[in-house]
There are 2 protein chains.
Amino acid sequence: MDLTERKLKILQAVIADFIRTAEPVGSRTISKNYELGSPATIRNEMSDLEELGYLTHPHTSSGRVPSEKAYRLYVNELMKKRELTQEQKDAIARDLYSNVTELENLIERAAHVLSEITNLTAFALSPEKEQDKLKYINLLPVDPKTVVLMLVAESGEVSNTAVRLDKPASEDTLRILAKNMTYNYSGKTLSEALTTDIIKTFKADAEAMAMFEHNIAPSFIKSLEDMLNVNLYMDGLTNIFSLPEYNDIDKARNFFELVNRKQDIMQKLSSRGDGVLITIGGENEDEELSDCSVITATYHVDGKLVGKLGVIGPTRMKYGEVTSVVEYLTDNISKAFRLTEGEGDDS
Amino acid sequence: MDLTERKLKILQAVIADFIRTAEPVGSRTISKNYELGSPATIRNEMSDLEELGYLTHPHTSSGRVPSEKAYRLYVNELMKKRELTQEQKDAIARDLYSNVTELENLIERAAHVLSEITNLTAFALSPEKEQDKLKYINLLPVDPKTVVLMLVAESGEVSNTAVRLDKPASEDTLRILAKNMTYNYSGKTLSEALTTDIIKTFKADAEAMAMFEHNIAPSFIKSLEDMLNVNLYMDGLTNIFSLPEYNDIDKARNFFELVNRKQDIMQKLSSRGDGVLITIGGENEDEELSDCSVITATYHVDGKLVGKLGVIGPTRMKYGEVTSVVEYLTDNISKAFRLTEGEGDDS
DNA sequence: GTTAGCACTCGCAGCGATAGAGTGCTAACA
DNA sequence: TGTTAGCACTCTATCGCTGCGAGTGCTAAC
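Reading the values: the criteria
- Residues numbered from 1 in each chain as written.
- Chains lettered and ligands numbered in written order.
- Predicted model: local features only at pLDDT ≥ 70, side-chain atom pairs only at ≥ 80, totals over all residues.
- Heavy atoms only, no water.
- Pairing = 2+ DSSP bridges.
- Helix = DSSP H or I, 4+ residues; strand = E, 2+ residues; numbered from the N terminus.
- Axes fitted to C-alpha atoms, helices over the stretch in contact; angles between N-to-C directions.
- Near = heavy atom within 4 Å.
- Polar contact = N/O pair within 3.5 Å; in protein donor to acceptor, adjacent residues only side chain to side chain.
- Nonpolar A, V, L, I, M, F, W, Y, C, P; charged D, E, K, R; others polar.
- Least-squares fit on C-alpha atoms with pLDDT ≥ 70 in both.
- Contact = heavy atoms within 4.5 Å.
- Expected span 1.5 Å × (residues − 1).
- Bend = angle between axes of the 7 residues up to and from the residue.
- Buried area = accessible area lost by both parts, 1.4 Å probe.
- Salt bridge = Lys/Arg side-chain N within 4 Å of Asp/Glu carboxyl O.
- Buried < 20%, exposed > 50% of the residue type's maximum accessible area, 1.4 Å probe, protein only.
- Phe/Tyr/Trp six-rings, centres within 6.5 Å; stacked < 30°, edge-to-face > 60°.
- Lys NZ or Arg CZ within 6 Å of the ring centre and 35° of its normal.
- Parallel < 35°, antiparallel > 145°, perpendicular 65-115°, else oblique.

**A short note on the sheet that holds strand β4 (residues 134–143) of chain B**
Residues and elements named next belong to chain B.
Then, in step 1: The strand order across the open sheet built from 3 strands is β4-β5-β6, with neighbouring strands paired in antiparallel fashion. Each edge of the sheet is formed by a strand with only one pairing partner; in this case those strands are β4 and β6 (158–164). For this sheet, the mean angle separating the axes of adjacent strands, direction not counted, is 20 degrees.
Then, in step 2: Judged from the 7 bridges that link them, strand β5 (residues 146–153) and β6 form a sheet pairing that is antiparallel.

**So, the environment of H214 of chain A**
Then, in step 1: Topologically, H214 of chain A is positioned in helix α9 (residues 206–228).
Then, in step 2: For the pair H214 of chain A and G37 of chain A, spaced 177 residues apart in sequence, the C-alpha to C-alpha distance is 81 Å.

**Side note on the protein's contact with DNA strand C**
Then, in step 1: Close to DNA strand C lie 20 residues, the nearest being S27 of chain A together with R6, T41, T60 and S61 of chain B.
Then, in step 2: In DNA strand C, atoms within 4 Å of the protein come from the sugar-phosphate backbone in 68% of cases.
Then, in step 3: Within the contact set of DNA strand C, a phosphate oxygen lies 3.1 Å away from a backbone nitrogen or oxygen of S38 of chain B.
Then, in step 4: Between DNA strand C and T60 of chain B, the relevant distance is 3.2 Å, taken from a sugar or linking oxygen to a side-chain nitrogen or oxygen of the residue.
Then, in step 5: Within the residue set of the surface near DNA strand C, elements represented by two or more residues are α3 (39–51) of chain A together with α3 (39–51) of chain B.
Then, in step 6: Among the elements that take part in the surface near DNA strand C, α3 of chain B stands out by supplying 4 residues, more than any other.
Then, in step 7: Considered class by class, the residues forming the surface near DNA strand C number 2 nonpolar, 14 polar and 4 charged.

**Things to note about the relation of the copies chain B and chain A**
Then, in step 1: For the pair chain B and chain A, the best superposition has an RMSD of 0.1 Å and corresponds to a rotation of 180 degrees with a translation of 0.1 Å parallel to the axis. Put plainly, the chains are arranged around a two-fold axis. Using C-alpha coordinates, one finds that chain B approaches the rotation axis most closely at I249 of chain B, a distance of 3.0 Å.
Then, in step 2: A share of 100% of the interface residues of chain B reappears at the interface of chain A, consistent with the copies meeting face to face through the same patch.

**Remarks on the protein's contact with DNA strand D**
Then, in step 1: Not every one of the 20 residues close to DNA strand D is listed here, only the nearest: R6, T41, T60 and S61 of chain A together with S27 of chain B.
Then, in step 2: In the model, a phosphate oxygen of DNA strand D is placed 2.7 Å from a nitrogen or oxygen of the R6 of chain A side chain.
Then, in step 3: A distance of 3.1 Å is found between a base oxygen of DNA strand D and a side-chain nitrogen or oxygen belonging to R43 of chain A.

**With respect to helix α9 (residues 206–228) of chain B**
Then, in step 1: Counted at 1.5 Å a residue, the expected span for α9 of chain B with its 23 residues is 33 Å, and the 31 Å between its end C-alpha atoms agrees.
Then, in step 2: At I216 of chain B, α9 of chain B is bent by approximately 45 degrees, the largest bend along its length, and proline P218 of chain B sits one to four residues beyond.

**A word on the interface of chain B and chain A**
Then, in step 1: At the junction of the two partners, chain B supplies 36 residues and chain A supplies 36 residues.
Then, in step 2: Between chain B and chain A, a total of about 2900 Å² is buried, with carbon and sulfur atoms accounting for 61% of that surface.
Then, in step 3: Sorting the residues of chain B by area buried against chain A places R164, F241 and I249 of chain B first, and these three jointly supply 19% of that buried surface.
Then, in step 4: In this assembly, chain B and chain A are joined by 2 salt bridges.
Then, in step 5: Among the ionic pairs, K135 of chain B bridges to D143 of chain A, the shortest N-O distance being 3.1 Å.
Then, in step 6: Of all the elements in the fold, those that place two or more residues in the side of chain B that touches chain A are β4, β5, β6, α9, α10 (249–260) and α12 (319–345) of chain B.

**What about the pairing of strand β10 (residues 305–314) of chain B?**
Then, in step 1: The element β10 of chain B is extensively covered by neighbouring structure, given that 9 of its 10 residues are classed as buried.
Then, in step 2: Connecting strand β9 (residues 292–301) of chain B to the antiparallel partner β10 of chain B that follows it, the hairpin turn spans 3 residues, and D302 of chain B within it adopts a positive phi of roughly 60 degrees.

**Topic: the sheet that holds strand β6 (residues 158–164) of chain A**
All names here are of chain A.
Then, in step 1: Taken together, 3 strands build an open sheet; the order of strands is β4-β5-β6 and the sheet is antiparallel. The sheet is open, and its two borders are formed by β4 (134–143) and β6, each paired with just one other strand. The average undirected angle you get between the axes of adjacent strands in this sheet is 20 degrees.
Then, in step 2: Of the strands in this sheet, β4 and β5 (146–153) touch helix α7 (residues 171–185), which is tilted by about 165 degrees from β4.
Then, in step 3: The sheet strands contacting α9 are β4, β5 and β6, and the helix crosses β5 at an angle near 35 degrees.

**A look at the side chain of S27 of chain B**
Then, in step 1: Checked against the element boundaries, S27 of chain B lands in helix α2 (residues 27–33).
Then, in step 2: Setting aside anything within four residues of it in sequence, one finds S27 of chain B in contact with P39, I42, R43 and M46 of chain B.

**Considerations on the packing of aromatic side chains**
Then, in step 1: Applying the stated criterion to the full structure yields 13 aromatic pairs over all chains.
Then, in step 2: When the ring of Y71 of chain A is compared with that of Y319 of chain A, the centres are 5.7 Å apart and the planes differ by 50 degrees; the resulting orientation is tilted. Taken as a pair, Y71 of chain A in helix α4 (residues 68–78) and Y319 of chain A in helix α12 (residues 319–345) lie far apart in primary sequence, 248 residues in all. Y319 of chain A matches Y71 of chain A in its accessibility class, with the two residues each being buried.
Then, in step 3: A centroid spacing of 5.6 Å and a plane angle of 35 degrees characterise the contact between F241 of chain B and F256 of chain B, whose relative ring orientation is tilted. In this pair, F241 of chain B sits in the loop between β7 (232–235) and α10 while F256 of chain B sits in helix α10, placing the two residues 15 residues apart along the sequence. Assigned by exposure class, F241 of chain B and F256 of chain B land together as buried.
Then, in step 4: Ring pairs connect the aromatic residues F241, Y246, F255 and F256 of chain A together with F241, Y246, F255 and F256 of chain B, which therefore count as one cluster.
Then, in step 5: Directly above the ring of Y54 of chain A sits K69 of chain A, whose terminal nitrogen or CZ lies 4.7 Å from the centroid.

**Observations regarding the pattern of salt bridges**
Then, in step 1: Counted by the stated rule, this structure contains 36 salt bridges over all chains.
Then, in step 2: Across the pair D172 of chain A and R175 of chain A runs a salt bridge, and its minimum N-O distance is 2.9 Å. Taken together, the residues D172 of chain A and R175 of chain A, both in helix α7 and 3 residues apart, mark about one turn of the helix.
Then, in step 3: A salt bridge links K129 of chain B to E104 of chain B; its shortest N-O distance comes to 3.9 Å. Taken together, the residues K129 of chain B in the loop between β3 (121–125) and β4 and E104 of chain B in helix α6 (residues 103–118) connect sequence positions 25 residues apart.
Then, in step 4: Linked by salt bridges that have partners in common, R261, D264, K268, D286 and E288 of chain A make up one network.

**A word on the packing of helix α1 (residues 5–21) of chain A against α3 of chain A**
All names here are of chain A.
Then, in step 1: Packing of α1 against α3 brings their axes to within 10 Å, and their N-to-C directions diverge by 90 degrees. On the basis of their axis angle, the class for α1 and α3 is roughly perpendicular. Facing α1, whose interface residues are R6, K7, I10, L11 and V14, α3 presents T41, I42, E45, M46, D48 and L49.
Then, in step 2: Across the contact of α1 with α3, the residue classes break down as 6 nonpolar, 1 polar and 4 charged.

Structure, rendered in C-alpha cells:
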C-alpha cells in the first residue's frame, strides 16, 4: 500500500475522470489537466498502478479504468466527503418535509429526494418494528356483528381491522376482552406478542373465550404481522437510462429484473450492517450485484426504530457526494421524528 | 367498409401473423398457411387493402403491417374473444385469492395476475370512494394528550390517525365530540363530509370546540382525504423488455418514464369510460401513447365502489385474449367482494 | 379472375480500409 | 536515476461497399 504521493494523485485523477466521463482515461488527459508530469511519465506510473492492481486496460490501446481495488482505496482514503452546501441542504429539507405527516410518508419521500439528488436508483426501508411495544388495545363495536380491533404501539403507530363475529357481542364482553388483552400485552414488543400463546393468558367466560379464539385472535395475529411488516420504497429507477453502463438493453433489463424482486432486495438490505456502508462490485456477496456499488445508511428514530436507506448504481459513482447525502438524510430523518414524537413525550 | 370475404380473411391472417411474430407479413407466408390463393393473388388483394388504409408498407420490398384502422376493424368485427379454459380460470382464481383479506390487496394481486397472463404491463386502480359513506366516528384516548380518531365507512374500510392534543381531554369531552361527529356525518358520503363546513355543525362547550377546531378537524380532513385517495398498482413493467418493439433503448426509456408518472397515469385511466374499453394507437388522446394500445375494464363492488384495471402495450397485442382475461378478472373481483361483504349483510 | 414468372427494390450482414486514440519501448536529457 | 520526446504498434469504431434474401409490382398467359 506504500504508493508514492504522485501515484496516489494520478490514481485519484484517473478515478475522478472516469467517474465523470465513464470513458477510459488516457495519459495525455491526465497530463493536460493536472500538473503531474508529461504523458510519458504518467504512462510509466499508470503501468505501475496497473501492475499493483489499481487500474485495468479494456484493451491494449485504450486508456485506463479504475479497478474495484482502486475504488476501495478511493473510498477509504482519497475521497473527500463533499459537505453539502446550505442551498442543497435547504432544498432537501424542503422536499423532505413537504406534506409529510407520517413516518412511512417521510421514508418514501426520502427515497425520492435521494434519487433526485444522486441521479441513481434509491431505496428506503421503513423501520423494523420488532422492538416497538404494544401500548393499548381496544375493541369497538361498529354494528352488532362487527367490531374494530385497534392496536396502538408506543411508536404511535395505529393499526385496526374490522372483525366479523359469528354472533353479536355485548359491549360488556368487548370491554372485558379488550381489558384482558391490554393487560396481557401492553408493554410487550410486537414480536413477543406474536409468540405468546394467546389463549392461555386469558380469563373470561366461555362465550367470550370462544369469540376471542375464533374471531379476534386470528385478526390480532394478522394485525401484529402487518405492523411488523417492513416496506420497501424505491425511486429513480429510470435514472439508470442516463448511465452509459446501461445503454445495453440486456444490462438495463437485468437491472430492472433485479430491483423488481422486492423481497430479495429487502432481505439483502436488511442484512447489511449499521452506519454508512459502501460495498463495491464484487464486495457485494450477490453475483447479480457484482458490477454495482451499493451505499446504505441507517436511521434511528428515538433510538428504537431502525431503518435503512441508500442507493444502488454502477461502481462508477460519486461516492463522496452520495455518502454525504445519504448521511445528511439519515440524520434528518432521525431528527424529524424525534421532534414529532418528542412533542408528546414531555407530557 | 364493404370488403370482400377474401379480403377480410387475408386481413385477419395478416393481423394474426403480425401479432404473433412482430415481423411484416409477406404474401407467400399467407399463401402457404391459409388456403386463400396464390402469392400473386394475395399480393393483389394486399395492394387493395393498402389502398383502403388497412395495411402499410415499412418499405417497398417488405411485407405488410396492419394499420390502426385494421386493428380497429379486427377488434370490432373479426376478433374472437377467446373464452378462457377451465385450467386458466382455476389458475387465475388460485393466484387471485391466495392470501387476500382486503380489497386493496385483491386489487394489487389482480394487477399481478393480469400482467403474468398477458405478458404486458398491467395496472389496477383501487375503487373510487366518493360514494362510500361514513358510518361511525370515534375518538379514543391513548394517553392524556393523544387520541385516536377512528373513521369507519360503510364499505368496511377503517381509518385511524393518532392526534396530538394541545391539552389533555377528558373522556367525557371525547365522547361528546365523537357523538357529535357521528351524528353530523354518519350517512354522508366521504366527499360530502369533506365539503361540509365542519365547525358550523357543532354544539359543544368552548373548550371542546377549540380542541375540535385546532386538533381534531385537521386530522379529520386528512383522514377523509386519505380514504378518498385512489391507489394505482402496476405490475409487469419489465415485460416490455421481451417485446421487439421495445428493443430500442430509447423506446424502453420513454415507456418507463411514461408509466412512472403515476399521477398522470391515474388521471388518464380514471377519465376513461366504463366497461371494457380498447383504445388503439392514435385513438389515445395522449401523444405519448400514440404507439400503444390500452385496454381497461371496470369492476364494481356492491354496485357502489368502482375501480378500473387493464393493460398497456404495443398496438400489436393479443386483443382477444387480453379482453377475455380483463373481463374475467373484473367479474371475479366483483364477485369476490360481494361475497366478503355479503357475509355480514344478512345480519 | 387467377396465377406463374421475372425484374426490381430495399434492408441487412459481412468485409476491408481508414482514422484516431492510446500504449509501450527506446533513447536522449537533466 | 528519474523524466521526457519520439515512434512504432495495437486495437476500436466508423464508413462504404457488396452480395444475399425477402418481398413486391407488373406483365402475360391460363
